[in-house]
Amino acid sequence: MNNEVLASTALVQQFSGVGVSAGRVVGPIRQMPGSVAEPAAGVVVPADVNVAEQGQRIKDAAKAVKAELLARAASLAGEGKEVLEATALMAADPMLVKSAIKLLSPDAPGGARTAERAIWEAGDGVAEKLKALGGYMAERVADVLDVRARIVSELRGLPAPGIPVSDTPFILAAEDLAPADTATLDPAKVIGLITSSGGPQSHTAILARALGLPAIVAAPGVDEIADGTEVYIDGAAGSITVEPGAELLAAAAAWSAQASTFSTFSGANTLADGFAVPLLANVGTGSDALKAAEAGAEGVGLLRTEFCFLDRAEEPTVDEQIAAYGAVFAAFPGKKVVVRTLDAGADKPLPFLTNADEPNPALGVRGYRTDLTSPGVLERQLQAIAAAEAAHTAEVWVMAPMISTAEEAADFASLCAAAGLKTPGVMVEVPSAALTAATVLREVSFASLGTNDLTQYAMAADRQLGPLAALNNPWQPAVLQLVKLTADGAALASSTTGLPKPVGVCGEAAADPALAVVLVGLGVTTLSMSARALAAVSAVLKTVTLDQTRHLAFTALAAPSATEARAAVRAGLPILDELGL
Amino acid sequence: MSERTAIIASSVGLHARPAAIFTAAVAELDLEVTIAMEGEPADDAMEADSILSLMSLGAAHGDVVVLRAEGPGADEALERLVQILETDHDAA
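Here the structure is a predicted model, which means the values were calculated and not measured.

## With respect to the UniProt feature "active site" (unreviewed entry) in chain A
Residue and element names in this part refer to chain A.
Point 1. Residues annotated by UniProt as "active site" (unreviewed entry) correspond here to His-203 and Cys-506.
Point 2. Secondary-structure assignment places Cys-506 in the loop between strand E15 (503-505) and helix H20 (513-521).
Point 3. In this structure Cys-506 comes out as buried when scored by relative accessible area, which is 4%.
Point 4. Beyond its immediate sequence surroundings of up to four residues, Cys-506 is in contact with Asn-282, Gly-301, Leu-302, Met-399, Met-427, Ser-448, Leu-449 and Ser-528.

Spelled out as structure tokens, the structure:
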């Protein structure tokens, strides 16, 4: 018997990483195919290779890719469908296929290529042409390269790049996910996400929280688990167990029963002592806003207006903007909606506003700073926000991203006043703004902490880099100190001006129920998050009093590391384990 | 050889979606149709059934392009294709 126990213990295989979205699920693994390796150049093609046959292979592979993309387009609707149909046409495009076939010939400059190499180079040629045209055409380069990679995979007999297509739900494993992958992720099929790289603020993490999918990042080795292997993942603990036993299967079943009770949030969030901490939603579009209102959000704490600008070669007209913002205001009649002005640059470049050649885009002309290089865009946006406000009853607040100084805050406040907007504010995401919050908040009516960027700048750690995941963690005591300095500065500004100066949080940190408790304890008055997280955060906040949040915040601030801060706070919140959060 | 000119109506030029609609219409024809920017030699014209050719042409809103085709029914076919180019497919 002892031997049996030992044997079964030895079989348990565990992986661990950083849990970024809570939940316990069991399912089969499907690996994200790796990026397609470039076919070697300069391979000598034997003289007896039949060029016509190789040409036919390229044509067949191109046709197969086209058919596959069209089949996927058929299951979609709207813009996604049209984009995929256009991509499908590119796959079997006569220009691409013909130029590849020319490269198969021994007469081609540089000699005959293999079929794989030929289509690779042909794709390069087309991509170069589109890139040279700039603007919208240059943005299609990614589509051409995607099509090329698919044709090469087809020629090699390997699975197509991108999220695997499956009839049954699965847990997706990958090295990391790109924004383009996450856009095509179907939450009905993908029930959990695990990546070997990526950090807590990576696209994978943000998407997982938005979709309410359990997720773990920075878990080395998970990109090598065989397809079809059954695993259990705990997105709060950051643990992954291969071939889970009965106990873990029961834990997953209990979570799924529990999760259904989390689908509703009553609105009007309070702590155990009745202290109100409004929970707001982060949204990008009118349809997001409707979903957030249904989920009980008490308003919008972050309207990301760049969604209305992305994929655009030119600035949208004021009328288009009025319609887009109005759709969000309409979902929250009489409620607060905080609009963030255009936050372009760094990971969100816009062809008409940002310079793609900056050596260090995160420290470049981005956010509010684009007003320096492209004056007028911000003024027109404020005009549109004011016009949309006039047509609705929502209480509209406006804030500028990437504010670094009190001077910038004052300039933004005057732009808002000129547009007739009554409640100007700033995002606090640059450490300098947190350090000088008392003077910054003298100029504006409120601040909202963008914890994702604040963490990246305070720790000097890129949000997307897996190896820096431990630094890039909002639990870092340095980040919590900046939150406290902002809240304290706001309180000082409030007492010197006699006006309320509320400080909210609209970063991903607010969606972590344990961290939400700490933020409230540090003096944050509202929390804004993905609508999915509202119920879980509210369930935890209602178990603590304001005094308890302050005590836990003090514990976190005093901790020597992010890990210890989190562990100490979680130990003081037994409700988290009970709820599986 | 039939020849017609068209003014690109699509507000962002002949990009993916209008190009896809146009390519699909060309593919239905039993004719070889070429497209070139106005003023460029006919020898440099691109095949109109290739979405990548169309996009790399770089025709912007308001640009004039020349369509050419030879064979029975070419006139009628080009007429239809001109109409497609002169419609703004981005106007929802």
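So, next bit.
## Points about the domain arrangement of chain A
All names here are of chain A.
Point 1. Looking at chain A, the domain boundaries give domain 1 (13-34 + 163-260), domain 2 (51-156) and domain 3 (262-579).
Point 2. One C-alpha centre belongs to domain 1, the other to domain 3, and the line joining them spans 27 Å.
Point 3. Of all residues in domain 1, Gln-201, Arg-209 and Gln-258 give up the largest surface area on contact with domain 3, accounting jointly for 35% of the area buried on that side.
Point 4. Taken together, the connections running from domain 1 to domain 3 amount to zero salt bridges.
Point 5. Put simply, domain 1 and domain 3 have one residue pair in polar contact (both at pLDDT 80 or more) between them.
Point 6. Sorting the residues of the side of domain 1 that touches domain 3 by element identifies helix H9 (203-211) and helix H10 (246-261) as the ones contributing at least two each.
Point 7. With five residues, the single largest contributor to the side of domain 1 that touches domain 3 is H9.
Point 8. Its residues placed into classes, the side of domain 1 that touches domain 3 shows eight nonpolar, nine polar and three charged.

## Here's the deal with unusual backbone geometry
Residue and element names in this part refer to chain A.
Point 1. With phi around 55 degrees, Ala-218 is a residue other than glycine that occupies positive phi space.
Point 2. Along the chain, Ala-218 turns up in the loop between strand E6 (215-217) and strand E7 (230-234).
Point 3. Within the chain, Ala-268 stands out as a residue other than glycine whose phi angle is a positive 55 degrees.
Point 4. As for its position among the elements, Ala-268 is in the loop between H10 and strand E9 (279-283).
Point 5. Relative accessible area serves as the criterion here: at 59%, Ala-268 is assigned to the exposed category.

## A closer look at the sheet that holds E9 of chain A
Residues and elements named next belong to chain A.
Point 1. The eight strands lie next to each other as E9-E10-E11-E12-E13-E14-E15-E16, forming a closed barrel whose pairing is parallel. When the angles between neighbouring strand axes are averaged without regard to direction, this sheet yields 30 degrees.
Point 2. Judged from the three bridges that link them, E9 and strand E10 (residues 299-304) form a sheet pairing that is parallel. Counterpart to Val-283 in the pairing with E10 is Leu-303.

## With respect to the side chain of Asp-453 of chain A
All names here are of chain A.
Point 1. Tracing the sequence through the fold places Asp-453 in helix H18 (residues 451-459).
Point 2. Within the local environment of Asp-453, its side chain forms a polar contact with the side chain of Arg-366, the two groups lying 3.1 Å apart.
Point 3. Apart from residues no more than four positions distant in its own chain, Asp-453 is found in contact with Arg-366, Glu-429 and Arg-463.

## So, the packing of aromatic side chains
Residues and elements named next belong to chain A.
Point 1. Tallying each qualifying case throughout the model produces two aromatic pairs over all chains.
Point 2. Here the aromatic rings of Trp-397 and Phe-446 are separated by 4.7 Å at their centres, their planes lie at 50 degrees, and the arrangement is tilted. With Trp-397 in strand E12 (residues 395-400) and Phe-446 in strand E14 (residues 446-449), this residue pair connects regions lying 49 residues apart in the sequence.
Point 3. Note on Phe-446: relative accessible area 3%, which makes it buried.
Point 4. In this structure, Lys-336 packs its charged tip against the face of Trp-397, placed 3.9 Å from the ring centre.

## Looking at the confidence of the model for chain A
Point 1. Averaged over all residues, the pLDDT of chain A equals 89, while 95% of them reach at least 70.
Point 2. The low-confidence segment residues 1-10 of chain A (pLDDT under 50) makes zero contacts with residues lying over four places distant or belonging to another chain.

## So, the state of the cysteines
Residues and elements named next belong to chain A.
Point 1. Enumeration over the complete set of coordinates arrives at zero disulfides over all chains.
Point 2. Cys-506 provides the cysteine sulfur closest to Cys-416, a residue in no disulfide bond, and the two sulfurs are 16 Å apart.
Point 3. For Cys-416, a relative accessible area of 0% puts it in the buried group.

## Considerations on the sheet that holds E6 of chain A
Residues and elements named next belong to chain A.
Point 1. Pairing in this open sheet of eight strands is mixed, and the strands run E1-E8-E7-E3-E4-E5-E6-E2 from one edge to the other. The open sheet has two edge strands, strand E1 (13-16) and strand E2 (18-21), and neither has a second partner. Going across the sheet, the axis of each strand differs from the next one's by a mean of 30 degrees, ignoring polarity.
Point 2. Here E1 runs beside strand E8 (residues 239-242); their pairing, made up of four bridges, is antiparallel. From the neighbouring strand, Gln-13 faces E8, where its bridge partner is Val-242.

## A closer look at the nonpolar core
Point 1. The biggest cluster of nonpolar side chains holds 102 residues, and the ones touching the most others in it are Phe-329, Leu-382, Ile-385, Val-518, Leu-527, Met-529 and Leu-573 of chain A.
Point 2. Leu-382 of chain A has contacts with Thr-341, Val-398, Phe-412, Leu-415, Cys-416, Ala-419 and Leu-421 of chain A, leaving out every residue within four places of it along the chain.
Point 3. Within the second largest apolar cluster, 66 residues are counted, among which are Ala-122 of chain A together with Ile-8, Ala-48 and Leu-57 of chain B.

## Quick word on the pattern of salt bridges
Point 1. Tallied over the entire structure, the rule returns 19 salt bridges over all chains.
Point 2. Residues Lys-98 of chain A and Glu-47 of chain B are paired through a salt bridge, measuring 2.8 Å at the closest nitrogen-oxygen approach. In this pair, Lys-98 of chain A is assigned in helix H4 (residues 94-102) and Glu-47 of chain B in strand E3 (residues 46-47), connecting two distinct chains.
Point 3. Taking relative accessible area as the criterion, Glu-47 of chain B reaches 32% and is therefore assigned partly exposed.
Point 4. Through salt bridges with shared partners, one network takes in Glu-306, Arg-340, Asp-343, Arg-366 and Asp-453 of chain A.

Rules of the game
Residues numbered from 1 in each chain as written. Chains lettered and ligands numbered in written order. Predicted model: local features only at pLDDT ≥ 70, side-chain atom pairs only at ≥ 80, totals over all residues. Heavy atoms only, no water. UniProt positions renumbered as here; feature names shortened; annotations may be inferred. Helix = DSSP H or I, 4+ residues; strand = E, 2+ residues; numbered from the N terminus. Buried < 20%, exposed > 50% of the residue type's maximum accessible area, 1.4 Å probe, protein only. Contact = heavy atoms within 4.5 Å. Domains from an automatic or database assignment. Buried area = accessible area lost by both parts, 1.4 Å probe. Salt bridge = Lys/Arg side-chain N within 4 Å of Asp/Glu carboxyl O. Polar contact = N/O pair within 3.5 Å; in protein donor to acceptor, adjacent residues only side chain to side chain. Nonpolar A, V, L, I, M, F, W, Y, C, P; charged D, E, K, R; others polar. Pairing = 2+ DSSP bridges. Axes fitted to C-alpha atoms, helices over the stretch in contact; angles between N-to-C directions. Phe/Tyr/Trp six-rings, centres within 6.5 Å; stacked < 30°, edge-to-face > 60°. Lys NZ or Arg CZ within 6 Å of the ring centre and 35° of its normal. pLDDT = per-residue confidence, 0-100. Disulfide = S-S within 2.5 Å. Core = buried A, V, L, I, M, F, W, Y, C linked by side-chain atoms within 4.5 Å.

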